[in-house]
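One letter stands for each residue in the lines below.
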Amino acid sequence: MSKLLVGNWSHEAELANLAVPERSHIGSQGQRMLWSARPGDVVVLPSAPDARFLSYVTGLLGFPAEALHVVVPPAGHLGPVLTRDRLTGTAFLAELAEVARDRGVDRVEAFYFDGYVNRLVRQLGLEKGTPGFGFLEQGGHELLNSKVAFRAVAAGIGLPVPDGVVTDRPEDAVAYLADLFAAGRPAIVKKDVHVAGMGNEVLTPVGDVEAVGTRHRTVLTGHEALVAHVHRRWPWYTDGNRRRVVLEEYVPESASLWGEAEITEDGAEVYGYGQVRMKPVIDGVVIPATRRSPDDPFLTALGTLAGVMGAMGYRGPVNIDAMLTPGGRLLFNEFNARFGGSTHLFRIGQRVVGGRYLEDRCLVERRSCAVPAFEQAMAELTRRGLAYDPATRTGVVIPVYGTDPGGTGGEACLIAEDAGAAQALEHELTAAFPG
């Protein structure tokens, strides 16, 4: 049987606060779901992918583009992203239901099972075939993407987490921050449900702290400044006093790590983990971070968390974030019960690179590339000998295309024998597509 893939990026409340160029970029990220597609599948995307790019993706996966059916719903109020109004039109639902019926679709995989995606599953009659749907429909998607819930679960199973508190009171936040600041230690404030560091803010009593993992950094000198700032920002931290907030000690110069697993009825399959490249928010990942043994503490923790999430009823991909402090402490930050921003890279590793790719290859993601028109881009990569070569299992793969509002631009996955070779390949890519 076939599946319906929905390329939504996250829940609608996050998207509404972003500028149009950012929403355009985010809309293109739905293409990551293409790397999970198989012949006969149906893919719902915010906009139609470049036809040459679609053929390129399916060609690397080993089947023709015609074997997929891409559906683009009518325009919505937030433009080039998937929103509730785009998925609820009568004509669109009728079209999608007919396509799903003709293709034998029996289940749904979504980037994020928000409320409107859950409703779509019901309307198409696919709830029984969608793994873990009962859990998702009853709010499980939000529970296991909550930073507040993560700290409770992590503490319950003994995973090390940064010193911190969870609160819904600004007075408690001020008290915790004041104690940290008195010791000269910075903090990070995290909105409960957000992605890619956009819901974080670093607060510091001194000005020489570099903020990584967020676009927001504020220096606060004196208790009065701290109190005033917390009360002013509290509506943003709490999404209008609707959610609790996580406050943690911020440890500068820590390495950011992330890993992924897949939870099925048969248990959890741990894929692996890598290091996140920050500039200052995520700008790609390196897989693997280093060669690791099966008893590596990160992989062990990933498997333990996945087991707990599976026992709660979740089915599907899961990713977790952690940091390795300068002193060598491994501290876990959050979990996400959804496709991660780099799940498609593991799909590329599994389905395109193949073999024991986690042992004999290094994958480096570059999220911002000045990729020209796709045909021109592929010609230039081929001319320079940079295009991915199945024979050597090395080269450049373009996982996402059309990230700029003008329809060009893209992301790159550099595949090489080791980190040094990947770095050299990235230099050559930059020379091919400067800017």
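Structural data are supplied above this passage.
What counts as what
- Residues numbered from 1 in each chain as written.
- Predicted model: local features only at pLDDT ≥ 70, side-chain atom pairs only at ≥ 80, totals over all residues.
- Heavy atoms only, no water.
- 1 Å grid on protein atoms, 1.4 Å probe; cavity = no way out; pocket = protein on both sides within 12 Å on 5 of 7 lines; lining within 4 Å.
- Points joined across faces, edges and corners; volume = space filled by probe spheres on them.
- Helix = DSSP H or I, 4+ residues; strand = E, 2+ residues; numbered from the N terminus.
- Pairing = 2+ DSSP bridges.
- Axes fitted to C-alpha atoms, helices over the stretch in contact; angles between N-to-C directions.
- Contact = heavy atoms within 4.5 Å.
- Buried < 20%, exposed > 50% of the residue type's maximum accessible area, 1.4 Å probe, protein only.

Undergrad: I would appreciate a short explanation of the layout of surface pockets in the present structure.
TA: Here the idea is plain: a probe the size of a water molecule rolls over the atoms and shows the empty space left. Size it by volume and the second largest pocket reaches roughly 490 Å³. Looking at the second largest pocket, it is lined by 26 residues, and the ones nearest its centre are Glu-109, Glu-262, Gly-316, Pro-317 and Arg-347. Within the residue set of the lining of the second largest pocket, elements represented by two or more residues are β4 (105-110), β10 (255-264), β13 (316-324) and α12 (343-353).

Undergrad: Which parts of the structure should I look at to understand the sheet that holds strand β7 (residues 200-204)?
TA: Two modes of strand pairing occur in sheets, parallel and antiparallel, and in both the strands are linked by backbone hydrogen bonds. Strand order in the open sheet made by the 5 strands is β5-β9-β6-β7-β8, with mixed pairing throughout. The open sheet has two free edges, formed respectively by β5 (164-167) and β8 (217-219), since each of these has just one partner strand. Ignoring which end each strand starts from, the neighbouring axes of this sheet average 20 degrees apart. The pairing of strand β6 (residues 187-191) with strand β9 (residues 245-249) spans 5 bridges and is antiparallel. When the bridges of β9 are listed, Lys-190 appears paired with Val-246. Across the sheet, helix α9 (residues 170-182) touches β5, β6, β7 and β9, and the angle it forms with β9 is around 10 degrees.

Undergrad: Please clarify how unusual backbone geometry should be interpreted in this entry.
TA: With glycine set apart, most residues show a phi of negative sign, and most peptide bonds adopt trans. With omega at -10 degrees, the peptide bond leading from Ile-287 into Pro-288 counts as cis. Looking at the element boundaries, Pro-288 is found in the loop between β12 (282-287) and α11 (297-312). Residues other than glycine seldom take positive phi values, yet Glu-253 does so here, at roughly 65 degrees. In this structure, Glu-253 sits in the loop between β9 and β10. You can call Glu-253 exposed: its relative accessible area is 73%. Positive phi, normally seen in glycine, also occurs at Arg-393, with a value near 60 degrees.

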